Amino acid sequence: MIVDLEPTDDQRLIAESVGGMLAASLPVARLREASGNGAQPENALWSSLAELGLFGMGLPEEKGGFGYGLPEEMLAARELGLVLASPSVLAQMAAAHLADDGLRPAIMSGEARCAFASLGFDGTVWLYDGDAASHVVLLGDGAALLPRDAFGNWTAQVPMDETITLANAIAAGDLPARDNVAERISLLIAAATTGIAQAATAMAVDFAGQREQFGQPIGSFQAIKHSCADMAVRAAAADAQVRYCAITFGRTEDDRREIAAARWLATDAAIENAKANIQVHGGMGFTAECDAHLFLKRAHLFSALGSSRREEERRIIADAD
Amino acid sequence: MKLIEDPSLDRFRDECRAWLNDNVPRNARPSEGLELRAYDMAWQRTQFEGGWAGVSWPKAFGGRGLSVLEQLIWHEEYARAGARTSASMFVALSHAGPTLIVQGSEDQKSRHLPAILKGEETWCQGFSEPGAGSDLAALKTRAVIDGDHLVVSGTKIWTSYAQGADYQELLVRTDPDLPRHRGISWVICDMTLPGIEVRPITTMTGYAHFAQIFYDEVRIPMTNLVGQLNGGWGVAMTTLGFERGTGTIAHQIELANTVERLITTAKETYDRATGKSLFADAAVASRLAVLRAEVAALRSLTVASVSRGMREEIPGAEGNIPALYFGELTRRVNGAVIDLLGPGAMARGGSHNLPKAYLESFKWAIGGGTSEIRRNTIGERVLGLPKGPRAI
């Protein structure tokens, strides 16, 4: 099997149009005001995102989709990560694959609203940015699309990532076994997580090129330069693996292992790069007014979407049992 | 991003596989010295006779002239067939040969290119010096023009496979008064010339794979100059392989195989205290899982690099990313082997000489550009960060 990982002209165009729209509508700076308010800019943008075709992008035309494949969908998911878009946007993309024929049109039009929820170890379900949602994409080992009210009452919690809301409830039943759709969703999460890692790198590099100490930009010092280089390498590794999976999905027997590797690498890159970005920013990086902490909190949130590094490690090694 | 489906490439893969299956040497490769050189040259000769010499070289110069994708397939099949990378032929095939093709005179090309392809001559590199390692432009080995000869005095170091090498790609300072990058020339040095002394250096593995070389008024004909006098820095920096990143595929596959072997070994090795396999230990399984993920990432980074290489005229600085990743990961993988197998990993010898592989792995984060220099290059030339202090 031979894989070309360079985007085609078409794919580049899709990434640019999604990325351009997101960068204009959802600058990361919006999140400074977002504390406790949930993802209001995203909510206001929902119909535009639906019009852009984001919510049916990877569906075949006979299901009302655009007939693009996983590579295109993956590129769009990465763009979402770059602007730290609410996980609910990705949940809506995921839901299009889980919905039955009856519900799918409402998902694609944005009329039904989705949010991600994770099944915790103890049976607690954690809902992220779900205040406006009618449906929940529940992630554990498998994935399911359920009405939000299937869980009874949600109890609001104070989130580590205060730019989105958090609530919990008790699990209503068992999740279906992990299938191809769950794998696909996991890869999209890995793609968005990679976007977070790339954006943290860009922010650190930008600052290191401007901030002066000892009479020169701190990026000229190797301690900072090498930290930035390591960020770029981690992001590149995750990105290459995510792209590889997007192309080979469904064509090898190694999907589960390869996607678990993608998820592990993306999580590692996002969290480690977010930490390094805070460090590069020094005292400013520790403040609430610097955006650096937003990347860290969002990276942890994405790492916990139905998974953890420990669980991905188990999947990576599972066939060796 | 797409799957390349081309039946002619499938047929090509079958052709590679069949030929390699029939022709890869099955006898053990000697560890060092002239026996190793003879082994590598004989294998090169076999490849030449089979029509597989210089897979990345243009056809006009006797190479196989494979496309980047065909090279990718060749190197994958090469590693899968268990063929060893031909270390003593490396400089000739991947460095000196391509440099001569681009920069050499007609006479230089006709003299050396066929001989390299046939496995009749091996080359070594003469770039680094005791005082010029990462800072290569600090090199001091002098070449004074005397009539139609260059008279070379000085020393080179870390020269791999220097013992028995026929020729050397040698960087010398031909004008000490010019700015340091400009007074350098690239010459072909015949290693049998009088005044050359090769002093082997034993590495931490215990083998003498490289050497320091001393030049005492060695007379090299001016006709051996490649490119312009004082233009050697440019020649050295444009010493581009035609491989576009495919040459590292074999190393990457070997590393993946090492991880898979380690997983198998961990399953088959029992801890007497617990009665369980090493693999049943969650900490061991976790470490192996991470290595497997990282080996997958290395494969994907390599594929990404080759995909870029298909479109680039000149390979960019991005090539440092997979190279840095490979160097660091190789050390982690081989370090894990030693860690996990405990007392049993301390003995040298046997079919898997674990200490040798472990000790050898340190070179990948040093040779050909240290990890630190690669991080500088990524920082400055990929990310655009300001340059650090350096000599003019």
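Residues numbered from 1 in each chain as written. Chains lettered and ligands numbered in written order. Predicted model: local features only at pLDDT ≥ 70, side-chain atom pairs only at ≥ 80, totals over all residues.

**Q** Got a minute to help me understand the overall build of chain B in this structure?
**A** A tally of helices and strands in chain B yields 11 helices and 11 strands. Computed over the C-alpha atoms, the radius of gyration of chain B is 22 Å, within 12% of the 21 Å expected from 2.2 N^0.38 for a compact globule of 392 residues. A principal-axis box enclosing the C-alpha atoms of chain B has dimensions of 75 × 45 × 45 Å. Taken over 392 residues, chain B has a buried fraction of 44%. (Helix = DSSP H or I, 4+ residues; strand = E, 2+ residues; numbered from the N terminus. Rg over C-alpha atoms; globule rule 2.2 N^0.38 Å. Buried ≥ 20, exposed ≤ 12 C-beta atoms within 10 Å, placed from the backbone.)

**Q** Would you take a moment to explain the nonpolar core for this structure?
**A** The tendency in soluble globular proteins is for nonpolar side chains to be buried as a group. All names here are of chain A. Counting 213 residues, the largest nonpolar core has Val137 and Leu188 as the members making the most contacts within it. The biggest single contributor to this core is helix α6 (residues 180-210), with 17 residues. Not counting residues within four places of it along the chain, the set of residues in contact with valine 137 comprises Ala91, Ala94, Ala95, Leu98, Cys114, Phe116, Ala117, Ala143 and Leu145. (Core = buried A, V, L, I, M, F, W, Y, C linked by C-beta atoms within 7 Å. Contact = placed C-beta atoms within 7 Å.)

**Q** I would appreciate a short explanation of the sheet that holds strand β6 (residues 155-157) of chain A in the present structure.
**A** Residues and elements named next belong to chain A. The mixed open sheet is built from 6 strands, whose spatial order is β5-β4-β2-β3-β7-β6. Here the strands that pair on one side only, and so sit at the sheet edges, are β5 (143-147) and β6. The mean inter-strand angle of the sheet, taken between neighbouring strand axes irrespective of direction, is 30 degrees. Pairing between β6 and strand β7 (residues 166-170): 3 bridges, direction antiparallel. Along β7, the bridge assignment pairs alanine 156 with alanine 167. Helix α4 (residues 87-98) contacts β2 (114-119), β3 (124-128), β4 (135-139) and β5 of the sheet and is inclined by roughly 90 degrees relative to β2. (Pairing = 2+ DSSP bridges. Axes fitted to C-alpha atoms, helices over the stretch in contact; angles between N-to-C directions.)

**Q** Explain the pairing of strand β3 (residues 142-146) of chain B here, please?
**A** Across a regular strand the side chains alternate sides, sitting on one face of the sheet and then on the other. Sheet topology places β3(B) next to strand β4 (residues 149-160) of chain B; 5 bridges connect them, and they run antiparallel. In the strand pairing of β4(B), Ile145(B) is matched with Leu150(B).

**Q** How should the confidence of the model for chain B be read in this particular structure?
**A** In low-pLDDT segments, the atomic positions of the prediction should not be examined closely. Averaged over all residues, the pLDDT of chain B equals 92, while 98% of them reach at least 70. This prediction of the complex comes with two scores: 0.95 for pTM and 0.96 for ipTM. (pLDDT = per-residue confidence, 0-100.)

**Q** Sorry if this is basic, but what is going on with unusual backbone geometry here?
**A** If you check the backbone angles, Phe214(A) has positive phi at about 55 degrees while not being a glycine. Judged by C-beta crowding, with 8 C-beta atoms within 10 Å, Phe214(A) ranks as exposed. Backbone geometry places Asn230(B), a non-glycine residue, at a positive phi of 70 degrees. One can find Asn230(B) in the loop between β9 (225-226) and α6 (232-237). You can call Asn230(B) partly exposed: it has 17 C-beta atoms within 10 Å.

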